[in-house]
2 protein chains.
Amino acid sequence: MSPTDLYPTRRFEEPRLIYRTEDPAVWGRPADGPLSQAHLDGHQADGFTTVDQLLSPAELAAAQNEVAQLLHDPALAGDERVVRERTTDEVRSVFDVHRISPFFAAMIRDDRIAGVARQILGSDVYVHQSRINYKPGFGGAPFEWHSDFETWHAEDGMPRMRAVSLSLAMTENYHFNGSLMIMPGSHRTFVSCVGETPADNHRSSLVRQEAGTPDHASLRLLADKHGIRQFTGNAGSAVWFDSNCMHGSNGNITPFPRSNLFIVFNSVENALTDPFAAEKPRPEYLGSRDWHVLN
Amino acid sequence: MSPTDLYPTRRFEEPRLIYRTEDPAVWGRPADGPLSQAHLDGHQADGFTTVDQLLSPAELAAAQNEVAQLLHDPALAGDERVVRERTTDEVRSVFDVHRISPFFAAMIRDDRIAGVARQILGSDVYVHQSRINYKPGFGGAPFEWHSDFETWHAEDGMPRMRAVSLSLAMTENYHFNGSLMIMPGSHRTFVSCVGETPADNHRSSLVRQEAGTPDHASLRLLADKHGIRQFTGNAGSAVWFDSNCMHGSNGNITPFPRSNLFIVFNSVENALTDPFAAEKPRPEYLGSRDWHVLN
């Protein structure tokens with residue numbers, strides 16, 4: 001039986017704002033890992049934590065090399081874990097990189113990554129989803145505003161807000177090449193979206209989100225209240241952000257592509273149930289049901 | 001008979017880079033107007049000049065009020081000078097505001113506007129084109145990279161690079177709501193574009209530019225050489241930029257619309273001839289053939 005649904009979505013005729021009272025953004029303490037009390041307080045308040053340089057130059061070069069290989073790996077041609085742009089057929093995302101790539105499987109187990117995830121979530125963790133995002137230059141498409149948790153809850157059956165994502169820059173993030181935007185503090189409000197989930201929604205939603213899209217009035221309210229923070233930084237910089245942050249990114253007409261590694265850690269105490277608003281769970285590479293502890 | 005074509009475009013089978021040697025960006029001296037030698041030197045080198053606050057708060061409020069009236073003026077319904085977004089039917093541009101609006105007709109004659117244009121161009125000036133641009137929130141479309149001069153030369157018959165544009169912000173320009181980007185120094189290189197001009201090209205090109213679009217290799221070269229400068233600032237701030245600056249703007253998924261007033265001043269010594277790469281000139285509201293001196 002599914003647990004109580006604290007975050008009902010895709011169920012009502014009108015959007016609703018649901019205020020997050022049960023689930024903190026930070027579950028651990030300073031003694032539990034690399035982050036200081038000030039970092040943890042900032043994460044609790046804003047829903048994100050930035051890291052100027054998460055990787056050393058040598059580690060970064062190795063990671064960029066691995067990304068280049070994955071983006072052009074002929075063994076992945078036709079693989080459903082590779083998502084392409086609608087208009088140009090360029091690769092937009094490669095999923096499941098923690099399973100496809102031994103390099104990334106090792107990297108994410110580092111204390112600077114898995115250790116921080118354990119600290120923020122206050123428990124052992126596993127990987128709910130991993131991917132490389134690649135936004136080409138000359139017209140990479142936007143990612144519209146959304147809460148990842150809304151999708152994971154509705155379509156994957158993630159019961160509570162006890163997951164955290166790492167976005168690790170593989171290229172320089174400028175203001176003008178489609179870098180990540182977050183509304184700081186928006187993670188404390190859940191936007192219940194309207195519209196039922198179509199069957200196999202993920203086949204189109206990874207290219208362009210339709211169901212689970214927050215309404216404009218809610219977005220305007222959150223943007224007026226919280227403002228918008230845009231993240232720039234060198235390759236190797238990173239942002240940790242809460243599962244319910246309202247975030248998105250603009251398109252990119254510049255010649256400079258933008259690529260990042262994106263890893264979602266979920267608490268093992270927050271393992272998936274049946275989806276809360278979909279017929280059946282999404283495929284394993286989108287919402288993993290293998291919650292073996294990441295060691 | 002048309003003068004020698006220093007900037008051939010839409011004529012060759014491959015793109016060409018043509019280096020600007022005849023036409024300076026700055027034709028006047030400090031004694032000719034409000035800008036200092038340092039401002040003029042910067043304009044000559046970079047192709048643009050920024051103004052933190054061009055309008056007083058009261059002038060700005062009056063201008064914003066005038067924009068709001070023009071965007072919703074029922075008398076302009078169906079007017080070809082009003083261009084709408086392809087997908088949402090929202091107004092994207094209103095042209096010819098210096099003729100439609102007595103308010104703006106008076107405002108642009110101010111020494112802070114017409115005086116600067118005369119100084120930069122070293123002569124009397126007239127208005128080649130004027131418009132309000134309105135980029136709505138929640139999906140305003142990008143303007144792809146282009147040189148305005150390329151279009152004015154090919155389709156309007158502007159012989160030389162002796163025109164300057166003013167972009168005056170009517171709303172706050174953030175990094176994230178589709179603000180203007182320029183490649184500093186790009187005005188010194190003319191990108192000769194491929195492809196013939198279709199008849200009545202302006203009917204589609206104002207919504208999405210096709211002919212006269214610079215090729216990706218040239219854009220990459222210019223971006224690598226010059227970088228990209230993005231302009232942010234309060235409502236009332238402004239950018240003067242040369243007719244041949246390579247510029248564009250990203251789309252805007254945020255709730256915050258972006259609106260600006262755009263006025264193109266041409267030197268009376270640079271009056272239009274026959275188009276250099278089109279059958280007939282564009283309509284008067286796009287490239288004016290009324291070069292009475294602006295007094």
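This write-up is about the structure you can find in this document. (Residues numbered from 1 in each chain as written. Chains lettered and ligands numbered in written order. Predicted model: local features only at pLDDT ≥ 70, side-chain atom pairs only at ≥ 80, totals over all residues. Heavy atoms only, no water.)

What to know about the overall build of chain A
(1) Moving on: Assigned secondary structure in chain A consists of 8 helices and 13 strands.
(2) Moving on: At 18 Å, chain A has a C-alpha radius of gyration in line with the 19 Å of a compact globule built from 295 residues.
(3) Moving on: With respect to the principal axes defined by its C-alpha atoms, chain A has extents near 50 × 45 × 40 Å.
(4) Moving on: Across the 295 residues of chain A, 58% fall into the buried class.
(5) Moving on: Long-range contacts, defined as pairs at least 24 residues apart, comprise 86% of the intrachain contacts of chain A with a sequence gap of at least 6.
(6) Moving on: As displayed, chain A offers around 11900 Å² of accessible surface, 49% of which is attributable to carbon and sulfur atoms.
(7) Moving on: Charge-centre separation for chain A: the mean point of 27 positive side chains lies 1 Å from the mean point of 38 negative side chains. (Helix = DSSP H or I, 4+ residues; strand = E, 2+ residues; numbered from the N terminus. Rg over C-alpha atoms; globule rule 2.2 N^0.38 Å. Buried < 20%, exposed > 50% of the residue type's maximum accessible area, 1.4 Å probe, protein only. Contact = heavy atoms within 4.5 Å. Areas by Shrake-Rupley, 256 points an atom, 1.4 Å probe, with all protein chains shown as cover. Lys, Arg positive; Asp, Glu negative; His and termini not counted. Charge placed at Lys NZ, Arg CZ, Asp CG, Glu CD.)

Some thoughts on the pairing of strand β4 (residues 91–95) of chain A
Each regular strand carries side chains that alternate between the two faces of the sheet.
Residue and element names in this part refer to chain A.
(1) Moving on: Within β4, 5 of the 5 residues are buried, which leaves it mostly tucked inside the rest of the structure.
(2) Moving on: Inspection of the sheet shows β4 paired to strand β5 (residues 125–135) by 3 bridges, in the antiparallel sense. Following the sheet pairing, Ser93 is matched in β5 by Asn133. (Pairing = 2+ DSSP bridges.)

Re the interface of chain B and chain A
(1) Moving on: With 24 residues of chain B at the interface, the matching set in chain A holds 24 residues.
(2) Moving on: Together, Phe138, Phe176 and Ile253 of chain B form the three largest contributors to the area buried by chain B at its contact with chain A, with a combined 34%.
(3) Moving on: Where chain B packs against chain A, one counts 7 residue pairs in polar contact (both at pLDDT 80 or more).
(4) Moving on: Elements with a contribution of two residues or more to the side of chain B that touches chain A: β6 (143–147), α8 (216–226) and β12 (246–249) of chain B.
(5) Moving on: With 5 residues, the single largest contributor to the side of chain B that touches chain A is α8 of chain B.
(6) Moving on: Residue composition of the side of chain B that touches chain A, grouped by class: 12 nonpolar, 9 polar and 3 charged. (Buried area = accessible area lost by both parts, 1.4 Å probe. Polar contact = N/O pair within 3.5 Å; in protein donor to acceptor, adjacent residues only side chain to side chain. Nonpolar A, V, L, I, M, F, W, Y, C, P; charged D, E, K, R; others polar.)

Quick look at the relation of the copies chain B and chain A
(1) Moving on: Of the two same-sequence chains, chain B is brought onto chain A (RMSD 0.0 Å, axial shift 0.0 Å) by a rotation of 180 degrees. Interpreted geometrically, this transformation is the action of a two-fold axis.
(2) Moving on: Of the residues that chain B buries at the interface, 100% are likewise interface residues in chain A, meaning the two copies contact each other through the same surface. (Least-squares fit on C-alpha atoms with pLDDT ≥ 70 in both.)

Concerning the sheet that holds strand β7 (residues 163–169) of chain A
Strand pairing in a sheet relies on backbone hydrogen bonds, with the paired strands running either antiparallel or parallel.
Residue and element names in this part refer to chain A.
(1) Moving on: With antiparallel pairing, 7 strands are arranged side by side in an open sheet as β2-β11-β7-β13-β5-β4-β3. Every interior strand has two partners, whereas the edge strands, β2 (48–51) and β3 (82–84), have only one. When the angles between neighbouring strand axes are averaged without regard to direction, this sheet yields 15 degrees.
(2) Moving on: Bridging between β3 and β4 involves 3 bridges; their strand directions are antiparallel. Bridge pairing links Arg84 to Val91 in β4. (Axes fitted to C-alpha atoms, helices over the stretch in contact; angles between N-to-C directions.)

Here's the deal with the sheet that holds strand β10 (residues 229–230) of chain A
(1) Moving on: Ordered in space as β6-β12-β8-β10 (chain A), the 4 strands form an open sheet in which the pairing is antiparallel. The sheet is open, and its two borders are formed by β6 (143–147) and β10 of chain A, each paired with just one other strand.

Topic: the pattern of salt bridges
(1) Moving on: Under the criterion given, the structure shown has 30 salt bridges over all chains.
(2) Moving on: Across the pair Asp96 of chain B and Arg99 of chain B runs a salt bridge, and its minimum N-O distance is 3.1 Å.
(3) Moving on: Beyond isolated ion pairs, a larger network of salt bridges with shared partners links Asp79, Arg81, Asp96, Arg99, Glu284 and Asp290 of chain A. (Salt bridge = Lys/Arg side-chain N within 4 Å of Asp/Glu carboxyl O.)

Topic: the environment of Glu269 of chain A
Residue and element names in this part refer to chain A.
(1) Moving on: By the secondary structure assignment, Glu269 is in the segment after β13 (258–267).
(2) Moving on: Given a relative accessible area of 57%, Glu269 falls into the exposed group.
(3) Moving on: Residues Glu269 and Gly47, 222 residues apart in the sequence, show an inter-C-alpha distance of 20 Å.
(4) Moving on: If we skip the residues at most four places from it in the chain, Glu269 touches Ser123 and Arg162.
(5) Moving on: In this structure the side chain of Glu269 is engaged in a polar contact, spanning 3.0 Å, whose partner is the side chain of Arg162.

So, the environment of Asp52 of chain A
(1) Moving on: Mapped onto the secondary structure, Asp52 of chain A falls in the loop between β2 and α2 (57–71).
(2) Moving on: For the pair Asp52 of chain A and Ile113 of chain A, spaced 61 residues apart in the sequence, the C-alpha separation amounts to 14 Å.

A word on helix α6 (residues 148–156) of chain A
Residue and element names in this part refer to chain A.
(1) Moving on: The element α6 is extensively covered by neighbouring structure, given that 9 of its 9 residues are classed as buried.
(2) Moving on: Three or more residues of α6 are buried, namely Asp148, Phe149, Glu150, Thr151, Trp152, His153, Ala154, Glu155 and Asp156.
(3) Moving on: Regarding α6, its N-cap is Ser147, as a side-chain oxygen of that residue lies 3.2 Å from the backbone nitrogen of Phe149 further along.

A closer look at the pairing of strand β11 (residues 238–242) of chain B
Residues and elements named next belong to chain B.
(1) Moving on: Counting buried residues along β11, 5 of its 5 residues qualify, which places the element largely inside the surrounding structure.
(2) Moving on: Burial along β11 is two-sided: Ala238, Trp240 and Asp242 facing one way and Val239 and Phe241 facing the other are all buried.
(3) Moving on: Where strand β2 (residues 48–51) and β11 come together, 4 bridges link them in antiparallel fashion. Counted as the bridge partner of Thr50 is Val239 from β11.

Section: the packing of aromatic side chains
(1) Moving on: Going through the model one piece at a time under the given rule, you end up with 24 aromatic pairs over all chains.
(2) Moving on: Aromatic side chains Phe48 of chain A and Phe231 of chain A sit 5.0 Å apart centroid to centroid with 85 degrees between the ring planes, which places their arrangement in the edge-to-face category. Taken as a pair, Phe48 of chain A in strand β2 and Phe231 of chain A in the loop between β10 and β11 (238–242) lie far apart in primary sequence, 183 residues in all. An identical accessibility class is assigned to Phe48 of chain A and Phe231 of chain A; each is buried.
(3) Moving on: The interplanar angle of 35 degrees and the centroid separation of 5.6 Å between the aromatic rings of Tyr174 of chain B and Phe256 of chain B together place this pair among those described as tilted. Here Tyr174 of chain B, found in the loop between β7 (163–169) and β8 (181–182), pairs with Phe256 of chain B, found in the loop between β12 and β13 (258–267); they are 82 residues apart in sequence, far enough to count as distant.
(4) Moving on: The buried category is assigned to Phe256 of chain B, whose relative accessible area is 17%.
(5) Moving on: One aromatic cluster is present, formed by Tyr7, Phe149 and Phe190 of chain A through successive ring pairs.
(6) Moving on: The positively charged end of Arg16 of chain A is found above the aromatic ring belonging to Phe12 of chain A, 3.4 Å away from the centroid.
(7) Moving on: In this structure, Arg92 of chain A packs its charged tip against the face of Phe143 of chain A, placed 4.0 Å from the ring centre. (Phe/Tyr/Trp six-rings, centres within 6.5 Å; stacked < 30°, edge-to-face > 60°. Lys NZ or Arg CZ within 6 Å of the ring centre and 35° of its normal.)

Some details on unusual backbone geometry
(1) Moving on: The phi dihedral of Phe138 of chain A is positive, around 55 degrees, even though this residue is not glycine.
(2) Moving on: Within the secondary structure, Phe138 of chain A is located in the loop between β5 and β6.
(3) Moving on: Within the chain, Asp96 of chain B stands out as a residue other than glycine whose phi angle is a positive 65 degrees.
(4) Moving on: Within the secondary structure, Asp96 of chain B sits in the loop between β4 (91–95) and α3 (97–100).
(5) Moving on: Under the relative-accessibility criterion, Asp96 of chain B is labelled buried at 5%.

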